[in-house]
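For reference, the chains in residue letters:
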Amino acid sequence: MKAAEIRQTFLKFFESKGHQIVASSPVVPGDDPTLLFTNAGMNQFKDVFLGFDKRSYNRATTAQKCIRAGGKHNDLDNVGYTARHHTFFEMLGNFSFGDYFKQDAIAYAWELLTTKFNLPAEKLWVTVYAEDDEAYEIWNKQIGVPAERIVRIGDNKGGRYASDNFWMMGDTGPCGPCTEIFYDHGPEIAGGPPGSPDEDGDRYIEIWNNVFMQFNRDEAGVMHKLPKPSVDTGMGLERLAAVLQHVHSNYEIDTFVALLAAAKAAVDAAGGQDCDKDSPSLKVIADHIRACSFTIVDGIIPGNEGRGYVLRRITRRAIRHGYKLGARTPFFHKIVAELANQMGDAYPELRQSQQRVVEVLKQEEERFFQTIANGMEILEAALSGGAKQIDGETAFKLHDTYGFPVDLTADVCRERGVTVDQAGFQVAMERQRQQARAAGKFKMSAGLEYTGSATQFHGYEHLVCEHSKVTAIYVDGS
Ligand code: ATP
Ligand code: MG
Ligand code: MG
Ligand code: MG
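Predicted model only: the values in this text are computed from it and were never measured.

A. Highlighting the overall build of the protein chain. Within the protein chain one finds 15 helices and 13 strands. Burial status across the protein chain gives 56% buried among its 478 residues. Sequence-distant contacts, at least 24 apart, represent 70% of the contacts inside the protein chain between residues at least 6 apart. Of the roughly 20,200 Å² of accessible surface on the protein chain, 50% is carried by carbon and sulfur atoms.

Right under this line is the structure:
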């Protein structure tokens with residue numbers, strides 16, 4: 001089953017159970033200052049769960065565009081390292097607004113997985129919230145999942161991907177205990193079952209979370225009961241597609257195979273020659289083109305703060321991975337056409353804004369390609385010393401002069417088992433801010449260097465206006 005068919009099967013199944021099919025909301029939430037990007041299907045229904053908004057339906061189903069690259073759910077650093085995490089992914093969901101609850105939610109999920117998608121029951125594991133005897137009983141007694149494949153899990157005690165059966169959208173907002181369904185990809189893949197010490201592996205992959213929405217968490221951390229117990233579920237389309245297409249990694253599913261080929265062609269044409277088709281860097285590029293394109297479609301452009309800075313960071317990370325594979329000229333924007341081929345039917349806005357996305361990315365690439373070579377030289381020199389940590393001053397110089405966001409520097413360092421002195425970096429940042437303030441209302445520090453007759457971009461020019469929100473404007477106008 002191709003991804004497009006899986007999406008349709010999911011929506012049609014829940015439609016047949018009385019759910020209204022609702023379109024995805026944008027990845028940039030319009031009216032929720034607590035959210036950087038849409039991180040789950042339930043975001044657009046937040047006020048319905050809270051009882052502030054009412055719809056003409058009390059059951060809904062969606063395929064939602066999500067981005068997890070900042071805020072509470074941040075998977076940016078997982079991309080390229082796990083088989084299952086993306087910055088952008090599609091979340092398939094069904095929702096009950098005060099209508100059905102645990103019983104039906106669990107029964108629907110099981111019916112869909114085992115009779116429509118025909119997954120073998122013995123490969124499915126489930127987790128429930130530690131104290132949720134009701135959910136445990138439904139799984140065990142009514143559905144018939146044996147006790148040895150039901151795991152009780154409490155609140156997250158830490159750990160990189162540790163299971164957590166109390167779901168929260170953010171630090172505030174609707175939340176509740178959840179039950180999750182995992183698929184066992186088989187003993188040839190490393191990793192233990194959910195809740196075990198080696199659950200971080202990719203053998204048992206979480207595919208679906210069913211959240212029993214019961215509370216609203218306020219800023220002080222106090223839980224208030226919601227007007228009506230509700231259901232919010234989320235299943236990663238790419239993870240389900242991997243299972244149904246009998247592959248292990250999300251990057252082997254139909255849509256990603258095409259994107260990876262486009263990424264390789266673009267990198268090769270930009271100097272990569274015949275780059276390694278299995279390189280994790282290509283996966284990162286294929287992942288990031290989706291997040292960047294959908295963000296730009298929704299009106300964000302690369303910038304120095306907020307969402308614009310997240311976009312810039314993701315774009316530059318992708319460019320750096322292309323650079324690592326040999327690209328020396330803009331390549332990233334060339335992948336947009338294949339993305340539109342793959343996803344333009346489901347998300348027509350992608351085709352509508354395609355030209356603009358290409359232009360915005362190309363501009364950002366042209367800008368970063370001016371400094372990346374010199375920046376990489378400095379970073380390579382710092383790494384060649386064998387130190388286990390890059391000092392804050394170097395990270396700051398890379399940030400300030402060469403446009404390397406500190407997480408990009410950290411991304412390069414991580415590949416070599418080296419860390420960045422983040423505290424030292426912050427100290428350097430703060431020092432610069434203070435110096436700028438002390439210098440008075442306006443401060444100009446020229447960053448242009450003349451080499452012969454050509455003007456070479458060398459650094460950023462800072463224009464600091466004490467009484468406005470503008471803190472830095474780059475020479476190149478960004
Ligand atoms: P994980 O533990 O694997 O990081 P999660 O528990 O953070 O996933 P949820 O918040 O429960 O994920 O989201 C619901 C579903 O969305 C998950 O079960 C998974 O199928 C999918 N999903 C979550 N994060 C990602 C991601 N970064 N990329 C792709 N799919 C994801
Ligand atoms: Mg996660
Ligand atoms: Mg999880
Ligand atoms: Mg989960």
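After that view, the rundown keeps rolling.
B. Layout of the site of ligand 1. Taken together, 17 residues surround ligand 1, and among them Asp-75, His-85, Trp-167, Glu-206 and Asn-209 come closest. For ligand 1, an oxygen atom lies 2.7 Å from a polar atom in the side chain of Glu-206. In isolation ligand 1 has 590 Å² of accessible area, and contact with the protein removes 91% of it. Elements that contribute at least two residues to the shell around ligand 1 include exactly β3 (88-96), β8 (204-217) and β9 (223-236). Looking at which element gives the most residues to the shell around ligand 1, the answer is β8, with four residues.

C. Broad picture of the packing of aromatic side chains. All told, the structure shown has 23 aromatic pairs when counted by the stated rule. Where Phe-13 meets Phe-14, the ring centres are 5.0 Å apart and the plane angle is 90 degrees; that geometry is what we call edge-to-face. Take Phe-13 and Phe-14: they sit in the same class, and that class is buried. Ring geometry for Phe-166 against Phe-215: centres 6.4 Å apart, planes inclined by 25 degrees, an arrangement best described as stacked.

D. Representation of helix α6 (residues 254-272). All of the buried residues in α6 are Thr-255, Phe-256, Ala-258, Leu-259, Leu-260, Ala-262, Ala-263, Lys-264, Ala-266, Val-267, Ala-270 and Gly-272. With its phi angle positive at about 50 degrees, Gln-273 sits one or two positions after the end of α6.

E. Representation of the pairing of β9. Of the pairings in the sheet, the one linking β3 to β9 comprises four bridges and is antiparallel in character. Looking at β9, one finds that Phe-95 is bridged to Asp-232. Of the pairings in the sheet, the one linking β8 to β9 comprises nine bridges and is antiparallel in character. Bridge pairing in β9 links Asn-209 to Gly-234. Where β8 hands over to β9, the hairpin turn is made up of five residues, of which Gly-221 adopts a positive phi near 90 degrees.

F. Spotlight on the nonpolar core. Grouped together as the largest cluster of nonpolar side chains are 112 residues, with contacts concentrated most on Leu-113 and Trp-208. A per-element tally of this core places helix α7 (residues 280-297) first, with 10 residues. Apart from the residues within four sequence positions on either side, Trp-208 is in contact with Phe-10, Phe-14, Asn-94, Ala-109, Leu-112, Leu-113, Thr-179, Glu-180, Ile-181, Thr-233, Gly-234 and Met-235. One finds Val-22, Leu-35, Phe-45 and Val-48 within the second-largest nonpolar core, a separate group that totals 21 residues.

Each value, and the rule that gives it
Residues numbered from 1 in each chain as written. Chains lettered and ligands numbered in written order. Predicted model: local features only at pLDDT ≥ 70, side-chain atom pairs only at ≥ 80, totals over all residues. Heavy atoms only, no water. Helix = DSSP H or I, 4+ residues; strand = E, 2+ residues; numbered from the N terminus. Buried < 20%, exposed > 50% of the residue type's maximum accessible area, 1.4 Å probe, protein only. Contact = heavy atoms within 4.5 Å. Areas by Shrake-Rupley, 256 points an atom, 1.4 Å probe, with all protein chains shown as cover. Near = heavy atom within 4 Å. Polar contact = N/O pair within 3.5 Å; in protein donor to acceptor, adjacent residues only side chain to side chain. Phe/Tyr/Trp six-rings, centres within 6.5 Å; stacked < 30°, edge-to-face > 60°. Pairing = 2+ DSSP bridges. Core = buried A, V, L, I, M, F, W, Y, C linked by side-chain atoms within 4.5 Å.

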